[in-house]
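# Architecture and fold: a report
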Amino acid sequence: MTQLPSRSEFLDLPDVRLHIRRWGDAEAPTLFLLHGWMDVSASFQFVVDALQRDWNIVAPDWRGFGPSQWLHRPYYFAEHISDLEAILDHYAPAGQVRLVGHSMGGILSCLYAGIRPERVERLVTLDGFGIAPTTPDMAPERYRQWLDQSRATPKLHVYRDRADFARRLMKTDRFLTAERAEFLARHLAKIGEGHNKAGERRHGVIWNGDPWHKNFSPYLFRLEESMAIWREVRCPVLWVAGRQSWVVRDFGQRPGDWEARQACFAQLTERWIEDADHMLHHDQPAEVARLIEEFLT
């Protein structure tokens, strides 16, 4: 399949420089594509190529991912919400926006749609439904683990070459084709220094994300706060899940959690994609594209 070429821009914010990937006609309706954790904007290429309509696509790389600036220090989730608002204000200063987010990008989209409900026209979340709930009694151990991880700089695993990295992608995603894995290896990986399994420093191919993203926050995820925000969402929401996704299996261990989260949204439509794991935009991009356009148009 012929790939629609993308172009790069940079958006300078007060504390970070963000890379913005653009596809399509700048005069067409604008669509924001928001990638997940340890992913990059370029991995939406397969979905972009499968879209049937003309779109002005704006796809940022979150701070510390891909060509966006790496800050080499801990990252905080709320920073991405602030970045998202700056991106929307720059590329769609007036009116409402259409958001499509995968995983972390979907979580951010759902939160933003509740924080700024007047700004979002429609929202698609792809396997991005929030993480497992926590309880207050988990706080002491969380802080202990946070202090322990703070003693050393986080490390990235090093791969021999991009072909080795592509094999790693296919090993953890049985639905990923070799051709798509090869493409992803050019964008999800970069040349740099990392560590092998023995902990030895080596030069080779590493993941294209700041290793500081691996360090977690000392603060527990509070599901009740997210649910309160979701109840403020006014726009229609498309909730898309991969049938074989580990996220779905995780929810299966918590009866009622899936339904309770969905009930927070006033206008929610659930759709499933067969033969797709968590990276459903890599596994079944044509079906993802079809659902997006069906819902948005």
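Above: the structure in question.
Residues numbered from 1 in each chain as written. Predicted model: local features only at pLDDT ≥ 70, side-chain atom pairs only at ≥ 80, totals over all residues. Heavy atoms only, no water.

Here we come to the nonpolar core. One finds Phe32, Ile87, Leu99 and Phe165 to be the most contacted residues of the largest nonpolar core, which totals 67 residues. At seven residues, helix α3 (residues 104–115) tops the list of elements feeding residues into this core. If sequence neighbours within four positions are ignored, Ile87 has contacts with Leu11, Leu18, Ile20, Phe32, Val58, Pro60 and Trp62. Counting residues in each nonpolar core, the second largest holds 25 residues, with Trp23, Val240, Ala276 and Ile292 among its members. (Core = buried A, V, L, I, M, F, W, Y, C linked by side-chain atoms within 4.5 Å. Buried < 20%, exposed > 50% of the residue type's maximum accessible area, 1.4 Å probe, protein only. Helix = DSSP H or I, 4+ residues; strand = E, 2+ residues; numbered from the N terminus. Contact = heavy atoms within 4.5 Å.)

To continue, consider helix α7 (residues 223–230). All of the buried residues in α7 are Leu223, Ser226, Met227 and Trp230. End-on, the buried residues of α7 take up no more than an arc of 100°, which puts them together on one face. Each element contacted by the buried residues of α7 is listed here: α3 and α9 (257–262). (Arc of directions from axis to C-beta.)

For the rest of this paragraph, the subject is the sheet that holds strand β1 (residues 6–12). Across the sheet, eight strands lie side by side as β1-β2-β4-β3-β5-β6-β9-β10; this open sheet has mixed pairing. Sheet topology places β1 and β10 (268–273) at the edges, where each strand pairs with a single neighbour. Geometrically, the sheet is characterised by an average inter-axis angle of 20° between neighbouring strands, direction not taken into account. Relative to strand β4 (residues 56–60), strand β2 (residues 17–24) is paired through five bridges, and the arrangement is antiparallel. Bridge pairing in β4 places Arg21 opposite Ala59. (Pairing = 2+ DSSP bridges. Axes fitted to C-alpha atoms, helices over the stretch in contact; angles between N-to-C directions.)

Here the focus is the side chain of Asp127. Along the chain, Asp127 falls in the loop between β6 (120–126) and α4 (139–149). Put simply, Asp127 is tucked away with no salt bridge, and the nearest opposite charge, on Arg249, sits 8.9 Å away. A distance of 3.3 Å separates a polar side-chain atom of Asp127 from the backbone nitrogen of Gly242. A distance of 2.4 Å separates a polar atom in the side chain of Asp127 from a polar atom in the side chain of Ser245. Beyond its immediate chain neighbours, meaning those up to four positions away, Asp127 contacts Ser103, Val240, Ala241, Gly242, Ser245, Val247, His278 and Leu280. (Lys, Arg positive; Asp, Glu negative; His and termini not counted. Salt bridge = Lys/Arg side-chain N within 4 Å of Asp/Glu carboxyl O. Polar contact = N/O pair within 3.5 Å; in protein donor to acceptor, adjacent residues only side chain to side chain.)

Let us look at the pairing of strand β5 (residues 97–102). Burial runs high along β5: six of the six residues are buried. Judged by which residues are buried, β5 turns out to be covered on both faces: Val97, Leu99 and Gly101 on one side and Arg98, Val100 and His102 on the other are all buried. In this structure, strand β3 (residues 30–34) lies alongside β5, joined through three bridges in parallel fashion. The partner of Phe32 across the bridge, within β5, is Leu99. Of the strand pairs in this sheet, β5 and β6 are connected by six bridges, and their pairing is parallel. Residue pairing in the sheet places Val97 in a bridge with Val120 of β6. This β-α-β element, β5 to α3 to β6, shows right-handed connectivity. (Right-handed = clockwise from strand over helix to strand, strands pointing away.)

What the rule picks out here adds up to 12 aromatic pairs. For the ring pair Trp239 and Phe265, a centre distance of 6.4 Å and an interplane angle of 70° mean the geometry is edge-to-face. Within this pair, whereas Trp239 is found in strand β9 (residues 237–242), its partner Phe265 is found in the loop between α9 and β10, the two being separated by 26 residues in sequence. The two residues Trp239 and Phe265 agree in class, both being buried. Plain terms: the ring middles of Trp258 and Trp272 are 5.6 Å apart, the flat faces sit at 20° to each other, and that makes the pair stacked. Taken together, the residues Trp258 in helix α9 and Trp272 in strand β10 connect sequence positions 14 residues apart. Its relative accessible area of 25% is what places Trp272 among the partly exposed residues. Clustering of aromatic rings is evident, with ring pairs tying together Phe129, Trp230, Trp239, Phe251, Trp258, Phe265 and Trp272. The ring of Tyr75 carries the charged tip of Arg73 above its face, separated from the ring centre by 5.5 Å. Taking NZ or CZ as reference, Arg122 lies 4.8 Å from the ring centre of Phe295, over its face. (Phe/Tyr/Trp six-rings, centres within 6.5 Å; stacked < 30°, edge-to-face > 60°. Lys NZ or Arg CZ within 6 Å of the ring centre and 35° of its normal.)

Once that is clear, we can look at the pairing of β9. Most of β9 sits inside the fold, with six of its six residues counted as buried. Residues Val237, Trp239 and Ala241 point to one face of β9 and Leu238, Val240 and Gly242 to the other, with burial holding for every one of them. Bridging between β9 and β10 involves six bridges; their strand directions are parallel. Across the sheet, the residue bridging to Leu238 is Thr269, located in β10.

Function-wise, these values are silent; they only describe arrangement.
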